[in-house]
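# Descriptive structure summary
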Amino acid sequence: MVLPGSTVAPLGGFTRPPRRTVLRALDLLALFDESHRSRSVRELTDATGLAKSTVVRLVATLEQRGLLWSRGDGRLTPGAGLLRWAALAQDAWRLPPEAVECLRVLSVRSGGESSRIYIRQGASRVCVAQHEGTQQLRHVVRIGEEMPLWAGASGHVLLIGGSPRTLSRVASAAGRGPDFTSVLAERARLAAQRGWAVSHGEREDGVSAVAAPVTDASGQVVAAVGLGGPTSRFTEERVESFRPALTEAARRLSELRFLGESG
């Protein structure tokens, strides 16, 4: 309970920080990536549209928690405190050897396409594991990368069993009209009926994918395993040839319960 006149410690302490403060801090951290390994306060201010005083205050708190670090030249980089979280995440999402082998075999049996596992996270899907294919021309996806749930074969699969509220939220995240909710529902229905899904250019022109559901002990979809690559290679004939290996990989991964019984 926060008494009148008291202050709420941002991002820590024994009081709960306002949700907006937490989201703003996370938005700042999200601005650091492979292309922007360091940022200045000015860059953070311009990118977020927040007042400079707000950005300075958030940066100071993140520095105190070890999540940002100020270099000698004044630029900011991700802090050493993130190393502990990164190690925990890597340990939590490390696939058992049998699951790693499933992805390798799927890639080989598909003729060298890249195989991946996605999970649903809010209105997005996240790649948590992959086996890079041997094809010279291939679509690159980074582990941990968020992608829209409304696009791509893995998205179709991960929406299987989604409630109307979930579908509406995903449609809203896509910036489409209310009619798009029914489009998502139909994609999920068809994926559930077939036991697999295919997409062409939904998220990015020239990129195709095929995916199948990974389920828990109760039959709930907890992940999607798929293949992705250039549309030129994902012809109807080749997609059909992928299906036996894909559905076998999905069945095997479901049996391994590598995501835990609760998914």
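Note that the structure is predicted; figures quoted are calculated from it, not measured. (Residues numbered from 1 in each chain as written. Predicted model: local features only at pLDDT ≥ 70, side-chain atom pairs only at ≥ 80, totals over all residues. Heavy atoms only, no water.)

## As for the environment of Pro 178
Here is the rule: Strands are runs of DSSP state E lasting at least 2 residues, helices are runs of H or I lasting at least 4, and numbering of each runs from the N terminus.
Tracing the chain through its elements places Pro 178 in the loop between α7 (164–173) and α8 (179–194). Pro 178 sits 153 residues away from Ala 25 along the chain, and the two C-alpha atoms are 31 Å apart.

## Some points on the pattern of salt bridges
Note the threshold: Only one rule defines a salt bridge in this text: a Lys or Arg side-chain nitrogen within 4 Å of an Asp or Glu carboxyl oxygen. Note on exposure labels: buried denotes an accessible area under 20% of the residue type's maximum, exposed denotes more than 50%, and partly exposed covers the range between, all computed with a 1.4 Å probe on protein chains only.
Throughout the structure, instances matching the rule amount to 15 salt bridges. We note a salt bridge from Arg 104 to Glu 101, for which the minimum N-O separation is 2.7 Å. Highlighted residues: Arg 104 and Glu 101, both in helix α5 (residues 97–109), separated by three residues, approximately one helical turn. Classification of Arg 104 by relative accessible area gives partly exposed; the value is 34%. Glu 101 gets classed as partly exposed once you look at its relative accessible area, which sits at 36%.

## Details of the side chain of Glu 113
The test is simple: Polar contacts here mean pairs of N or O atoms no more than 3.5 Å apart (in protein, one a potential hydrogen donor and the other a potential acceptor; neighbouring residues in sequence count only if both atoms are side-chain atoms). The contact rule is simple, with two residues in contact once any of their heavy atoms fall within 4.5 Å.
Counting through the fold element by element, Glu 113 comes out in the loop between α5 and β3 (114–121). Side chain to side chain, Glu 113 and Arg 233 meet in a polar contact 2.7 Å long. Within the local environment of Glu 113, its side chain forms a polar contact with the side chain of Arg 238, the two groups lying 3.1 Å apart. Setting aside its immediate chain neighbours within four residues, Glu 113 contacts Ser 107, Gly 133, Gln 135, Leu 227, Gly 228, Gly 229, Arg 233, Phe 234, Arg 238 and Phe 242.

## Some words on the sheet that holds β3
Put simply, the rule reads: In short, DSSP must find at least two bridges between two strands for them to pair. Working convention: axes come from line fits to C-alpha atoms, limited for helices to the stretch in contact. Angles between N-to-C directions cover 0 to 180 degrees.
Read from one edge of the open sheet, six strands run β5-β4-β3-β8-β7-β6, paired in antiparallel fashion. Only two strands of the sheet have a single neighbouring strand rather than two, namely β5 (146–148) and β6 (197–200). Between one strand and the next, the sheet's axes are offset by a mean angle of 35 degrees, whatever the strand orientation. Pairing of β3 with strand β8 (residues 221–230) involves five bridges; the strand directions are antiparallel. Residue Ser 114 lies in a different strand from β8, and its bridge partner there is Gly 228. Along the sheet, helix α9 (residues 236–256) makes contact with β3, β6, β7 (207–215) and β8, crossing β7 at roughly 30 degrees.

## Let's talk about the packing of helix α2 (residues 41–48) against helix α3 (residues 52–64)
Test applied: Working definition: roughly parallel below 35 degrees, roughly antiparallel above 145 degrees, roughly perpendicular at 65 to 115 degrees, and oblique for all remaining angles. In a left-handed crossing the near helix is turned counterclockwise from the far helix by less than a right angle, and in a right-handed crossing that turn is clockwise. Asp, Glu, Lys and Arg are counted as charged, while Ala, Val, Leu, Ile, Met, Phe, Trp, Tyr, Cys and Pro are counted as nonpolar; the rest, among them Gly, fall into the polar class.
Running from N to C, α2 and α3 point in directions that differ by 120 degrees, and their axes come no closer than 9 Å. Put simply, α2 runs oblique to α3. Crossing hand, α2 versus α3: right-handed. Taking contact as the criterion, the partners of Val 41, Leu 44, Thr 45 and Thr 48 in α2 are, on α3, Lys 52, Val 55, Val 56 and Val 59. Each residue belonging to the contact of α2 with α3 can be placed in one class, and the counts come to five nonpolar, two polar and one charged.

## A look at the nonpolar core
Worth spelling out the cut-off: Only buried residues count toward a nonpolar core, which is a set of Ala, Val, Leu, Ile, Met, Phe, Trp, Tyr and Cys residues joined through side-chain atoms within 4.5 Å.
If you look at the biggest cluster of nonpolar residues, it comprises 27 residues, and the most contacted ones within it are Leu 95, Leu 106, Ile 117, Val 210, Val 214, Val 225 and Leu 253. Going through the elements one at a time, α5, β3, β4 (124–131), β7, β8 and α9 are the ones with two or more residues in this core. Of the residues forming this core, the biggest block, seven residues, is contributed by α9. Not counting residues within four places of it along the chain, the set of residues in contact with Val 225 comprises Leu 103, Leu 106, Arg 116, Ile 117, Val 210, Ala 211, Ala 212, Val 214, Leu 246, Ala 250 and Leu 253.

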